[in-house]
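# Fold and geometry: a report
Here are the chains, one letter per residue:
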Amino acid sequence: MSYDVAIIGAGYVGLPLSTTFAEAGCRVLLVDVVEPVVQALNRGESHIEDVSGEQLAPLVEQGLIRATTDTGI
């Protein structure tokens, strides 16, 4: 699978930035070191209040956002 953008860190800067790119039609790979956060993001669940689950879930379902802990991709 190929991505248009990779963002390191799925926190208060990286997650909102990734949703902005995804809403513009880019495929985004989010890389973070916290496995529970990565798993939640891949279920469409947000861990910060600036990005709601209602905003994130459709982007994940459409394959526009994927999170990983693998830095070797």
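Let me sum up the structure you'll find in this document. Here, residues in each chain are numbered from 1, in the same order as that chain's written sequence. The predicted origin of the model limits local features to residues at a pLDDT of at least 70 and limits the giving and counting of side-chain atom pairs to 80 or more, whereas totals for whole chains, interfaces and linings rest on all residues. Processing note: side-chain calculations cover all non-hydrogen atoms of the structure and skip hydrogens and water entirely.

### Focus on the pattern of salt bridges
Note the cut-off: Salt bridge, as used here, is a side-chain nitrogen of Lys or Arg placed within 4 Å of a carboxyl oxygen of Asp or Glu. The buried label goes to any residue with under 20% of its type's maximum accessible area, the exposed label to any with over 50%, and the partly exposed label to all in between, with areas taken from a 1.4 Å probe on protein chains only.
Under the defined criterion, the tally for this structure stands at one salt bridge. A salt bridge links R43 to E45; the shortest N-O distance between them is 3.1 Å. Classification of E45 as partly exposed rests on a relative accessible area of 38%.

### Focus: the pairing of strand β2 (residues 28-31)
Note the following rule: Going along the chain from the N terminus, every DSSP run of H or I of four or more residues is numbered as a helix, and every run of E of two or more is numbered as a strand. Every crossover in which the path from the first strand over the helix to the second runs clockwise, viewed with the strands pointing away from the viewer, is termed right-handed. For two strands to pair, DSSP has to find at least two bridges joining them.
Neither face of β2 is open: one carries V28 and L30, the other L29 and V31, and all of them are buried. Between the parallel pair strand β1 (residues 5-8) and β2, the chain is carried across by helix α1 (residues 14-23), and the sense of this crossover is right-handed. Where β2 and strand β3 (residues 65-68) come together, four bridges link them in parallel fashion. Across the sheet, L30 pairs through a bridge with A67, a residue of β3.

### With respect to the packing of aromatic side chains
The condition is simple: Pairing of aromatic rings covers Phe, Tyr and the six-membered ring of Trp, with a centre-to-centre limit of 6.5 Å; geometry is then stacked below 30 degrees between planes, edge-to-face above 60, and tilted otherwise. A ring is scored as having a charge over it whenever the NZ atom of a lysine or the CZ atom of an arginine sits within 6 Å of its centre and within 35 degrees of its normal.
Under the counting rule described, the total for this entry stands at zero aromatic pairs. A cation sits over an aromatic face here: R27 above Y3, 5.4 Å from the ring centre.

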